[in-house]
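This is what each chain is made of:
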Amino acid sequence: EHIEEHLVQSGYSSLNSTTYDKEFCLVPSKLIEFIRESQPKRYKQLESQYGSETSTKLLKRISTEIENRGVIDVLRKGVKDRGCDFHLVYFEPKSGLNPDHQKLYKQNRLSVVRQLKYSTQNENSLDMGIFVNGIPIITMELKNTLTGQNHLNGEKQYKYDRDPKEPLFHFKRCLVHFSVGNEKVSMTTKLSGSKTKFLPFNKGIENPVNPNGHKTHYLWESILQPKNVLDLIENFVHTRFDVEKLYDPKQKRVVDKKKEVLVFPRFHQLNVIHKLKQSVIEEGVGHNYLIQHTTGSGKSLSIGWLSHL
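Notes on the structure in this doc start here. Keep in mind that this is a model prediction, so the values were computed, not measured.

Parameters and conventions
Residues numbered from 1 in each chain as written. Predicted model: local features only at pLDDT ≥ 70, side-chain atom pairs only at ≥ 80, totals over all residues. Heavy atoms only, no water. Helix = DSSP H or I, 4+ residues; strand = E, 2+ residues; numbered from the N terminus. Buried < 20%, exposed > 50% of the residue type's maximum accessible area, 1.4 Å probe, protein only. Patch = residues over 30% accessible without salt bridge, like charges linked within 9 Å, V, L, I, M, F, W, Y side chains within 5 Å. Areas by Shrake-Rupley, 256 points an atom, 1.4 Å probe, with all protein chains shown as cover. Salt bridge = Lys/Arg side-chain N within 4 Å of Asp/Glu carboxyl O. Core = buried A, V, L, I, M, F, W, Y, C linked by side-chain atoms within 4.5 Å. Contact = heavy atoms within 4.5 Å. Phe/Tyr/Trp six-rings, centres within 6.5 Å; stacked < 30°, edge-to-face > 60°. Pairing = 2+ DSSP bridges. Expected span 1.5 Å × (residues − 1). Arc of directions from axis to C-beta. Right-handed = clockwise from strand over helix to strand, strands pointing away.

Phi at Cys25 is positive, roughly 60 degrees, even though this residue is not glycine. Backbone geometry places Asn133, a non-glycine residue, at a positive phi of 50 degrees. Tracing the sequence through the fold places Asn133 in the loop between strand 5 (125–132) and strand 6 (135–142). Relative accessible area serves as the criterion here: at 0%, Asn133 is assigned to the buried category.

See the structure below:
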């Protein structure tokens, strides 16, 4: 309730779990509403071909494209159906010179669903889902130390109770899965049953005391704010291929195996990039900075994101 209330005050709408279509893995009402209001001419063009089935056909097309291409690619590049191109999100304009773009940006709809029933096989639900224009992008399991649980219990839930074969949990269907406690947060971008790997998403080894509430308040008070979520989609989250050296018993030798990885920035990376960006805006270019990241914490990624921005 605390997180939901804060997100609603920040511009989210709160939806009932019944608005979620388990087959399409979408909130149809929000997605069609966004498309019809932001791209009415294209929708009417498609309607002239599909008639009364337009919404269902378009939803099926979008769901299939997300399944095949991944949510990042679909959000950035949109989808095409019967010669009609549709944007599924509008990113923040780089300047105020185009008022039409600013208007489209404001038409984005971010939503939060509590106790999201995601399965067509059973009544299982996860604690919270985050959607942009009816498309799921983030899931969260929330744990409270007052009930004797913390983020580690959420990790176990993702590993053993959340079937990665469920459509919502397919690789690249969501940006990230958060396990959130009062004191710590962890994240993963790929559910693989008991082999699922979580990374810390904290301010430090320990999160500092928050005199006004939970230690993990930064997740919903900063990271999940609408502007930041859209920035994450546009500029940060991406897929890449890593090469692993594995022994192949058939070939009886070590071989290179490519593995696709979905990269979501950790808190310390986002923090340093936002600080440097603000510093350059306020102080101008030409200054020197010292950035300290521990070994294996993603220095190369931070450098890449900084260069991109």
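After that view of the structure, there is still more to cover.
On the surface, Val280, Val285, Tyr289 and Ile291 cluster together into a nonpolar patch covering about 370 Å² of accessible area. By secondary structure assignment, the location of Val280 is in helix 10 (residues 267–283). Judged by relative accessible area, Val280 falls into the partly exposed class, the value being 35%.

For the rest of this paragraph, the subject is the pattern of salt bridges. Any two side chains of opposite charge can pair, on the condition that their charged atoms come close. Using the criterion set out here, one finds 18 salt bridges in the structure. The shortest N-O distance in the salt bridge between Arg69 and Glu65 comes to 2.7 Å. You can see Arg69 and its partner Glu65 sitting in helix 4 (residues 54–69), four residues apart, about one turn around the helix. For Arg69, a relative accessible area of 24% gives the class partly exposed. You can call Glu65 buried: its relative accessible area is 14%.

This paragraph deals with the nonpolar core. Ranked by internal contacts, the top residues of the largest apolar core, which has 65 residues, are Ile137, Phe178, Phe201 and Leu219. In this structure Phe201 touches Phe178, Val185, Ser186, Met187, Tyr218, Leu219, Ile223, Phe264, Pro265, Arg266, Phe267 and Leu270, once residues within four positions along its chain are discounted.

Going through the model one piece at a time under the given rule, you end up with ten aromatic pairs. Here Tyr158 and Phe198 contribute two aromatic rings whose centre-to-centre distance is 6.0 Å and whose plane-to-plane angle is 40 degrees, an arrangement assigned as tilted. You can see Tyr158 sitting in helix 7 (residues 151–160) and its partner Phe198 sitting in the loop between strand 8 (185–188) and strand 9 (199–200), a full 40 residues away along the chain. The residues Tyr158 and Phe198 share a single accessibility class, namely buried. Aromatic rings pair up to connect Phe178, Phe201, Tyr218, Phe264 and Phe267 into one cluster.

Another aspect to go through is the environment of Ile130. Tracing the backbone through its elements, the reader meets Ile130 in strand 5. A sequence separation of 122 residues divides Ile130 from Lys252, and the C-alpha atoms of the two residues are 46 Å apart. Look past the residues within four positions of Ile130 in its chain and what remains in contact with it is Leu7, Tyr12, Ser111, Val112, Ile135, Pro136, Ile137, Ile138 and Met140.

On to the sheet that holds strand 4 (residues 110–117), then. Spatial ordering of the open sheet is given by 1-4-5-6-7-8-9, a layout of seven strands whose pairing is mixed. If you trace the sheet from one side to the other, it starts and ends with strand 1 (13–15) and strand 9, each paired once.

The end-to-end C-alpha distance of helix 4 is 22 Å, a good match for the 22 Å that 16 residues give at a rise of 1.5 Å each. Within helix 4 the residues assigned to the buried category are Thr54, Leu58, Leu59, Ile62, Ser63, Glu65 and Ile66. One side of helix 4 holds all its buried residues, which, seen down the axis, span an arc of 160 degrees. Residues of helix 4 that are exposed and angled more than 90 degrees away from the buried face: Lys60 and Asn68. Summarising the contacts, the buried residues of helix 4 are in contact with helix 2 (28–38), helix 3 (40–50), helix 5 (71–77), strand 2 (79–81), strand 3 (84–86) and strand 6. A positive backbone phi angle near 95 degrees is found at Gly70, which sits one or two residues after helix 4.

Structurally, Ile32 is set in helix 2. Exposure remark for Ile32: the relative accessible area of 10% places this residue in the buried category. Ile32 sits 263 residues away from Thr295 along the chain, and the two C-alpha atoms are 46 Å apart. Those residues in contact with Ile32 that lie beyond four places of it in its chain are Tyr43, Ser55, Leu58 and Leu59.

This part takes up the pairing of strand 7 (residues 176–180). With five of five residues buried, strand 7 lies mostly within the body of the structure. On strand 7, burial covers both faces: Val176, Phe178 and Val180 on one face and His177 and Ser179 on the other are all buried. Two strands pair when backbone bridges link them, and strand 6 and strand 7 are joined in this way by five bridges, in the parallel orientation. In the strand pairing of strand 7, Met140 is matched with Phe178. Following the backbone out of strand 6, through helix 7 and into the adjacent parallel strand 7, one traces a crossover that is right-handed. Strand direction decides the pairing type here: strand 7 and strand 8, joined by four bridges, are antiparallel. Looking across to strand 8, one finds that Val180 is bridged to Val185. What sits between the antiparallel neighbours strand 7 and strand 8 is a turn of four residues.

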